[in-house]
Amino acid sequence: MSAEASSNVTLIGMPGSGKSTIGVVLAKRINRQFIDTDLVIQTTHQRTLQEIMDAEGFAEFCKLEEEAVLSVDVAHHVVATGGSVVYGPEGMEHLKQLGKVVFLKTGLKTLEERLSNMATRGIALRPGQTLEDLFHERNRLYTEYADITISCDGLNVEQICEQIEAALA
Ligand SMILES: Nc1ncnc2c1ncn2[C@@H]1O[C@H](COP(=O)(O)OP(=O)(O)O)[C@@H](O)[C@H]1O
Ligand SMILES: O=C(O)C1=C[C@@H](OP(=O)(O)O)[C@@H](O)[C@H](O)C1
Ligand SMILES: [Mg+2]
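Cut-offs used in this document
Residues numbered from 1 in each chain as written. Chains lettered and ligands numbered in written order. Predicted model: local features only at pLDDT ≥ 70, side-chain atom pairs only at ≥ 80, totals over all residues. Heavy atoms only, no water. Salt bridge = Lys/Arg side-chain N within 4 Å of Asp/Glu carboxyl O. Helix = DSSP H or I, 4+ residues; strand = E, 2+ residues; numbered from the N terminus. Buried < 20%, exposed > 50% of the residue type's maximum accessible area, 1.4 Å probe, protein only. Core = buried A, V, L, I, M, F, W, Y, C linked by side-chain atoms within 4.5 Å. Pairing = 2+ DSSP bridges. Axes fitted to C-alpha atoms, helices over the stretch in contact; angles between N-to-C directions. Contact = heavy atoms within 4.5 Å. UniProt positions renumbered as here; feature names shortened; annotations may be inferred. Near = heavy atom within 4 Å. Polar contact = N/O pair within 3.5 Å; in protein donor to acceptor, adjacent residues only side chain to side chain. Nonpolar A, V, L, I, M, F, W, Y, C, P; charged D, E, K, R; others polar.

Draft legend 1. Up close: the pattern of salt bridges. Inspection of every chain in the model, using the stated rule, returns 6 salt bridges. In this structure, R29 and E165 form a salt bridge, with 2.6 Å as the shortest nitrogen-oxygen distance. Residue R29 is located in helix 1 (residues 19-29), and its partner E165 is located in helix 8 (residues 157-168); the two are separated by 136 residues in the primary sequence. Exposure remark for E165: the relative accessible area of 24% places this residue in the partly exposed category. Salt-bridge contacts for D147 lead to K96; the nearest nitrogen and oxygen are separated by 3.0 Å. Highlighted residues: D147 in the loop between helix 7 (131-145) and strand 5 (148-151) and K96 in helix 5 (residues 89-98), separated in sequence by 51 residues.

Structure representation (structure tokens):
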């Protein structure tokens, strides 16, 4: 990995774990640009994530998400991803090449409190899958891909940024 490429920091974790919120604050604090792959998908396809998910379904959404991730070619960025990014192994390999991958680990209770709008938030749930099922399935994948894991429960955005910065130093 080149020094230039390794300057990126990619945030992964469950929907509601704070990737988009923390990403932009972290970028400002450590003087990087910010990119959210959810917005790359939306602007590329000129549709909201929910519209894509409703029209195309889970498998196609994941394919479009991986394509969007593979199109990201940046340096000195904080990259916030969508929670389902870990279903795309090639996309994850690409993000690992671009820099450090940080897992924002958040407990199920915190996520349940934050994700009151599950039905409209465009979460890639398979038929019959609950948030708890998803939580267990995804946590294994996030852990596998993470270079750094931050336990976020009980911390505010600034405290999480401080922990990420300390782990990157
Ligand atoms: N550390 C935190 N403490 C309290 N609320 C948070 C924290 N991080 C994120 N949030 C809130 O949780 C919600 C989901 O955050 P978001 O950044 O959209 O998560 P993600 O991008 O991982 O889905 C938002 O309402 C955000 O304000
Ligand atoms: O985890 C998921 O299944 C998803 C999370 C969303 O992003 P956030 O993790 O930023 O909410 C978005 O990519 C899409 O709606 C699917
Ligand atoms: Mg987000």
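Now that the structure has been shown, the text picks up again.
Draft legend 2. Representation of the nonpolar core in the model. Residues I12, M14, V85, V86, M92, L95 and L131 are the most contacted members of the largest nonpolar core, which totals 34 residues. Among the elements of the structure, helix 2 (37-45), helix 3 (49-56), helix 4 (58-70), helix 5, strand 4 (99-105), helix 6 (108-114) and helix 7 are those that each provide at least two residues to this core. Tallying contributions element by element places helix 7 first for this core, with 6 residues. Of all hydrophobic cores here, the second largest spans 14 residues; its members include I22, L26, V102 and I160.

Draft legend 3. Quick look at the sheet that holds strand 2 (residues 33-36). One open sheet accounts for 5 strands, arranged 2-3-1-4-5; its pairing is parallel. Among the strands making up the open sheet, the edge pair consists of strand 2 and strand 5. Taking the axes of each pair of neighbouring strands and ignoring which way they run, one obtains an average angle of 20 degrees across the sheet. Pairing between strand 4 and strand 5: 4 bridges, direction parallel. For L104, the partnering residue across the bridge sits in strand 5 and is I150. Contacts from helix 1 reach strand 1 (8-12), strand 2, strand 3 (77-80) and strand 4 within the one sheet, and its direction differs from that of strand 2 by about 165 degrees. Contacts from helix 2 reach strand 2 and strand 3, with the element oriented near 60 degrees to strand 2.

Draft legend 4. Spotlight on the UniProt feature "binding site: ATP" (unreviewed entry) in the protein chain. The positions UniProt marks with the feature "binding site: ATP" (unreviewed entry) are G16, S17, G18, K19, S20, T21 and R126. Across 111 residues, the annotated set is spatially dispersed, with a maximum C-alpha separation of 25.8 Å. Considering the arrangement of structural elements, one finds S20 in helix 1. Residue class for S20 comes out partly exposed when judged on its relative accessible area of 34%. The residues touching S20, leaving out its near neighbours within four places in the chain, are F34, D36 and A80. Position of T21 among the secondary structure elements: in helix 1.

Draft legend 5. Just the site of ligand 2, in detail. Around ligand 2 there are 16 residues in total, and K19, D38, G83, G122 and A124 lie nearest to it. K19 places a side-chain nitrogen or oxygen 2.7 Å from an oxygen atom of ligand 2. In this structure, an oxygen atom belonging to ligand 2 sits 3.3 Å away from a main-chain N or O atom of S84. Contributions of two or more residues to the shell around ligand 2 are made by helix 1 and helix 4. Class assignment for the residues of the shell around ligand 2 results in 5 nonpolar, 6 polar and 5 charged.

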